[in-house]
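Listed here are the chains, written in short residue letters.
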Amino acid sequence: MERPVVVGVDGSDGGLAALDWAVEEAARLRLSLRVVHASLWERYEGSMPSSTGQRPEEELAEQHIIASSERRARRLSPELRVDAVTLPDEAVATLVKESRGAAVLVTGSSGRGAVKGFLLGSVSLAVAGRADCPVVVVRGEERNIKGMGDRVVVGVGEADEAAAAVRFALREAEARGCELQAVRTWRAPQPSVDPLIVLDSAAVAYEEQAAAVLDEALEEAMAEHPAVSVTRTVLEGPAHRMLLDPAADADLLVLGATRRQGRFGLQLGRVNHTALHRAACPVAVVPHR
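No experiment lies behind these values; they were computed from the predicted model shown.

What counts and how
- Residues numbered from 1 in each chain as written.
- Predicted model: local features only at pLDDT ≥ 70, side-chain atom pairs only at ≥ 80, totals over all residues.
- Heavy atoms only, no water.
- Helix = DSSP H or I, 4+ residues; strand = E, 2+ residues; numbered from the N terminus.
- Buried < 20%, exposed > 50% of the residue type's maximum accessible area, 1.4 Å probe, protein only.
- Contact = heavy atoms within 4.5 Å.
- Areas by Shrake-Rupley, 256 points an atom, 1.4 Å probe, with all protein chains shown as cover.
- Pairing = 2+ DSSP bridges.
- Axes fitted to C-alpha atoms, helices over the stretch in contact; angles between N-to-C directions.
- Patch = residues over 30% accessible without salt bridge, like charges linked within 9 Å, V, L, I, M, F, W, Y side chains within 5 Å.
- Salt bridge = Lys/Arg side-chain N within 4 Å of Asp/Glu carboxyl O.
- Lys, Arg positive; Asp, Glu negative; His and termini not counted.
- Charge placed at Lys NZ, Arg CZ, Asp CG, Glu CD.
- Phe/Tyr/Trp six-rings, centres within 6.5 Å; stacked < 30°, edge-to-face > 60°.
- Lys NZ or Arg CZ within 6 Å of the ring centre and 35° of its normal.
- Expected span 1.5 Å × (residues − 1).

Caption draft 1: Region of the structure containing the overall build of the protein. Within the protein one finds eleven helices and ten strands. Taken across its 289 residues, the protein has 46% of its residues classed as buried. In the protein, once contacts between residues fewer than 6 apart in sequence are set aside, the share between residues at least 24 apart is 80%. With an accessible surface of roughly 15000 Å², the protein has 50% of that area assigned to carbon and sulfur atoms.

Caption draft 2: View of the sheet that holds strand β3 (residues 82-87). Reading across the sheet, the ten strands line up as β3-β2-β1-β4-β5-β10-β9-β6-β7-β8 and stay open at both edges, with mixed pairing between neighbours. Edge positions in the open sheet fall to β3 and β8 (230-236), since each of these has one partner strand only. Ignoring which end each strand starts from, the neighbouring axes of this sheet average 25° apart. Across six bridges, the pairing between strand β9 (residues 252-258) and strand β10 (residues 283-288) is parallel. Directly across from T258, in β10, lies its bridge partner H288. Lying over the sheet, helix α1 (residues 13-29) contacts β1 (5-8), β2 (33-38), β4 (104-108), β5 (135-138) and β9, oriented at roughly 150° with respect to β4. Contacting β5, β9 and β10, helix α11 (residues 270-278) crosses the sheet at an angle of about 150° to β9.

Caption draft 3: Spotlight on the environment of A175. With respect to the helices, strands and loops of the structure, A175 is situated in helix α7 (residues 159-176). Separated by 148 residues in the primary sequence, A175 and A27 have C-alpha atoms spaced 9.7 Å apart. If sequence neighbours within four positions are ignored, A175 has contacts with R28 and L29.

Caption draft 4: Examining a positive patch on the surface more closely. Taken together, R187, R241, R270 and R278 make up a surface patch of like positive charges. In this structure, R241 sits in helix α9 (residues 239-242).

Caption draft 5: Layout of the packing of aromatic side chains. Tallying each qualifying case throughout the model produces zero aromatic pairs. The ring of W21 carries the charged tip of R28 above its face, separated from the ring centre by 5.5 Å.

Caption draft 6: Representation of α1. For α1, with 17 residues, the first-to-last C-alpha span of 24 Å sits near the 24 Å given by 1.5 Å per residue. Every buried residue of α1 is accounted for by G14, G15, A18, L19, W21, A22, V23, E25, A26 and L29. Just past α1, the residue R30 takes up positive phi, approximately 60°.

Caption draft 7: Broad picture of unusual backbone geometry. Its identity as a non-glycine residue notwithstanding, R30 has a phi of 60°, on the positive side. In this fold, R30 is placed in the loop between α1 and β2. The phi dihedral of D150 is positive, around 55°, even though this residue is not glycine. Relative to the assigned elements, D150 resides in the loop between α6 (142-145) and β6 (151-155).

Caption draft 8: Representation of α11 within the structure. Considered for burial, the residues of α11 that qualify are N272, T274, A275 and L276. In the core, the buried residues of α11 are packed alongside α5 (122-128), β5, α9, α10 (244-247), β9 and β10.

Caption draft 9: Focus on the pattern of salt bridges. Applying the stated criterion across every chain yields a total of eleven salt bridges. Between R81 and E2 there is a salt bridge, with the nearest N and O atoms lying 2.9 Å from each other. In this pair, R81 is assigned in the loop between α3 (57-76) and β3 and E2 in the segment before β1, connecting sequence segments 79 residues apart. Judged by its relative accessible area of 38%, E2 falls in the partly exposed class. For the salt bridge of R176 with E172, the shortest nitrogen-to-oxygen distance reads 3.2 Å. Note that R176 and E172 are positioned in helix α7 at a spacing of four residues, about one turn of the helix. Look at the salt bridges and you will find they share partners, linking E24, E25 and R28 into a network.

So, to be careful, I would describe these as geometric facts and stop short of saying anything about function.
Now the structure itself:
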């Protein structure tokens, strides 16, 4: 069965930005869209009869959020297949469960009450660290969110998690008709002898090694997407900082994340955390198990 693009909405500006992005993503990939609103009120109070015979304000608010989100999605893309539901649970549990049957899960960078552009909302962070499918957190500048950069950037980490991220990034670039920039960073260890001699020789060796890892990570996946133009970039420095610069002009930054069986809590590395909080464009976290 075809997996949909799933988007979480909560009535906030961040939720609306996520909805708009998800509509375009579903249209690009020719998938259906599933709009999800999580409601603890529905879980604990929704089944209780009203003593006044009138519908409570909470129920009216929940219904307005999901109904207005569905109307917005259909207006933005009339041809899109849209399914909109309110589910009786808290947001993180709902979206993680939805991720098990989704092609992509989309969230906003902040929910209701959050300071715009300051901190990543706790729901989005928790979902990005636990979901089973790729999670896109819609954040950054307007031109990046609207896809005006014509470029997808993928950070190529270690081999185990790089493959899934590269495949996702190539698919995104192909669907958008834009180029892919693959970035690998390297850092030489501090020398224990003459720094001038060791630094020069080590720099060349580590840079060449990084380039070789980049080529290996791209080779097989590129054969499946021959129409995508790919540029390779090798940068010296810590990945969590160096990736922010190419992301500044990108439509999407794609990163891998390893999910280890039996581990609980957020499974995100320093690179993921930094990008989710500071990148100037939407960030996709692609899990690998």
